[in-house]
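Coordinate analysis (summary)
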Amino acid sequence: MAKLDTRAIGLDGGLKFIRWLTGGEHLHYGYWPGLEVNAGNFGAAQEAYSLKLFEQIPKAPRRILDIGGGAGETAKKLLALGHHVEIVVPSPLLADRCRVNAPGARVHEMTFEEFDAAQASFDLCLFSESYQYFALEVGLSKAFGLLAEGGEIVIADCFRREGFRFEGVAQRVGGGHPMERFRETLDDLPLTLAHEEDITEAVAPSVDIEQELFNVIGYTLTRIDTELESKKPFQRSMLNRLWRLLTNERTRARLDQRLNQKTRNAQAFAEYNRYLILRFEQSGAVPDGAE
């Protein structure tokens with residue numbers, strides 16, 4: 001029996017929802033200063049995020065590699081500014097959306113680890129909420145090996161705060177590489193940190209919007225369960241037994257937290273994470289084994 005591709009299902013559903021909510025297919029946080037925090041402003045917050053990110057993108061046309069380019073919304077904006085853009089994205093679904101949203105970009109449907117640009121180099125390698133998905137020893141090192149002379153690397157992503165430790169069943173909102181370990185990787189590469197900006201507080205309200213959506217789903221499921229308990233107790237009992245048979249206590253606790261609680265909120269996000277925009281410049285030659 002073929003295994004369900006839950007990741008593809010989640011991506012497809014997520015894209016359709018965000019398109020319905022905002023009219024676009026941005027898969028990143030919003031940037032909220034000056035905006036009332038509600039679902040109606042989520043699209044505007046995502047556009048504001050793009051403007052913030054693009055402060056670190058050169059205005060003159062550049063050859064840009066968008067690593068983990070989502071559904072191609074960022075690439076579309078880069079193309080409109082006159083840049084030459086290539087995208088590396090492993091998901092067939094996202095690769096198809098990139099071709100639709102950014103038809104002027106060259107799309108490489110593969111993992112970043114598999115990407116081989118022996119005949120190409122880039123003025124800028126961009127990680128927009130994708131850096132956390134690569135092993136620490138791969139991300140910066142491989143990107144550095146793809147740079148043309150004078151090239152730059154821009155990272156906008158979430159990192160775990162210094163001293164963070166995972167404890168217990170409860171999920172800690174956010175993610176990314178531990179900040180201390182990321183800093184250590186910088187010692188091995190001839191890169192100069194040209195810009196660092198912490199925008200944690202400015203993006204954190206996005207977590208509240210997401211949690212409100214899950215709470216609506218949780219409320220609906222609870223309402224159905226209450227109705228079944230009142231009017232169809234036997235069927236409800238059988239469904240409950242089946243649910244407990246198919247899931248363990250840890251899974252049920254995590255789902256309860258996600259659907260019915262508010263522990264995953266902006267305050268918790270800021271406590272456990274740092275959301276940084278970083279720009280690096282070359283300060284030497286490519287070290288052996290970097291590519």
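Residues numbered from 1 in each chain as written. Predicted model: local features only at pLDDT ≥ 70, side-chain atom pairs only at ≥ 80, totals over all residues. Heavy atoms only, no water.

**Section: the overall build of the protein**
Helices and strands together make up the secondary structure of the protein, namely 11 helices and 7 strands. Relative to a compact globule of 291 residues, whose C-alpha radius of gyration would be 19 Å, the protein shows 21 Å and is just as compact. Dimensions of the protein along its principal axes, counting C-alpha atoms only, are 70 × 50 × 40 Å. Classification of the 291 residues of the protein by burial places 43% in the buried group. Contacts in the protein between residues at least 24 apart in sequence constitute 69% of all its contacts with a sequence separation of at least 6. Of the roughly 15500 Å² of accessible surface on the protein, 53% is carried by carbon and sulfur atoms. (Helix = DSSP H or I, 4+ residues; strand = E, 2+ residues; numbered from the N terminus. Rg over C-alpha atoms; globule rule 2.2 N^0.38 Å. Buried < 20%, exposed > 50% of the residue type's maximum accessible area, 1.4 Å probe, protein only. Contact = heavy atoms within 4.5 Å. Areas by Shrake-Rupley, 256 points an atom, 1.4 Å probe, with all protein chains shown as cover.)

**Here we look at the pattern of salt bridges**
This model, assessed by the stated rule, comprises 19 salt bridges. Note that Glu25 and Arg19 form a salt bridge whose closest N and O atoms lie 2.4 Å from each other. Relative accessible area serves as the criterion here: at 3%, Glu25 is assigned to the buried category. Taking the shortest distance from any N to any O, the salt bridge between Arg279 and Glu281 comes out at 3.1 Å. (Salt bridge = Lys/Arg side-chain N within 4 Å of Asp/Glu carboxyl O.)

**Section: the pairing of strand E7 (residues 273-282)**
Successive residues of a regular strand alternate their side chains across the two faces of the sheet. Within E7, 8 of the 10 residues are buried, leaving the element largely enclosed by the surrounding structure. Pairing between strand E5 (residues 147-160) and E7: 9 bridges, direction antiparallel. Across the sheet, Asp157 pairs through a bridge with Leu276, a residue of E7. (Pairing = 2+ DSSP bridges.)

**Some remarks on the layout of surface pockets**
A volume near 630 Å³ is recorded for the second largest pocket. Every residue lining the second largest pocket is counted, 17 residues in all, and those nearest its centre are Leu221, Thr222, Asp225, Asn240 and Trp243. Elements that contribute at least two residues to the lining of the second largest pocket include exactly helix H8 (205-231), helix H9 (233-246) and helix H10 (249-260). Within the lining of the second largest pocket, the residues separate by chemical class into 8 nonpolar, 4 polar and 5 charged. (1 Å grid on protein atoms, 1.4 Å probe; cavity = no way out; pocket = protein on both sides within 12 Å on 5 of 7 lines; lining within 4 Å. Points joined across faces, edges and corners; volume = space filled by probe spheres on them. Nonpolar A, V, L, I, M, F, W, Y, C, P; charged D, E, K, R; others polar.)

**Some thoughts on the side chain of His26**
Structurally, His26 is set in the loop between helix H1 (6-22) and helix H2 (42-53). In terms of polar contacts, His26 uses its side chain to reach the side chain of His28, at 3.2 Å. (Polar contact = N/O pair within 3.5 Å; in protein donor to acceptor, adjacent residues only side chain to side chain.)

**Thoughts on the confidence of the model for the protein**
Segments scoring low in pLDDT should not have their predicted coordinates read at a detailed level. Per-residue confidence for the protein gives a mean pLDDT of 88, with 90% of residues at or over 70. Throughout residues 287-291 the model reports pLDDT below 50, and contacts reaching past four residues in sequence, or to other chains, amount to 9 contacts. (pLDDT = per-residue confidence, 0-100.)

**Thoughts on H2**
Across its 12 residues, H2 extends 16 Å between first and last C-alpha, which sits within 8% of the 16 Å expected from 1.5 Å per residue. When H2 is considered as a whole, its buried residues turn out to be Phe42, Gly43, Ala45, Gln46, Tyr49, Ser50, Lys52 and Leu53. (Expected span 1.5 Å × (residues − 1).)

**Examining the sheet that holds E7**
Read across the open sheet, the 7 strands follow the order E3-E2-E1-E4-E5-E7-E6; overall the sheet is mixed. Each end of this open sheet is capped by a strand with a single partner; those strands are strand E3 (106-109) and strand E6 (191-198). On average, each strand axis in the sheet is tilted by 15° relative to the strand beside it, whichever way the strands run. Summarising the sheet, E6 and E7 pair through 7 bridges and their orientation is antiparallel. What sits directly across from Glu197, in E7, is Ile277. Contacts between helix H6 (residues 179-186) and the sheet are confined to E5, E6 and E7, with E7 contributing the most and set at about 5° to the helix. (Axes fitted to C-alpha atoms, helices over the stretch in contact; angles between N-to-C directions.)

**A few points about the packing of H8 against H9**
Where H8 meets H9, the closest approach of the two axes is 6 Å, and the angle between their N-to-C directions is 130°. For the element pair H8 / H9, the angle class is oblique. Contacts from Asp225, Leu228, Glu229, Ser230 and Lys231 in H8 reach Pro233, Arg236 and Leu239 in H9. (Parallel < 35°, antiparallel > 145°, perpendicular 65-115°, else oblique.)

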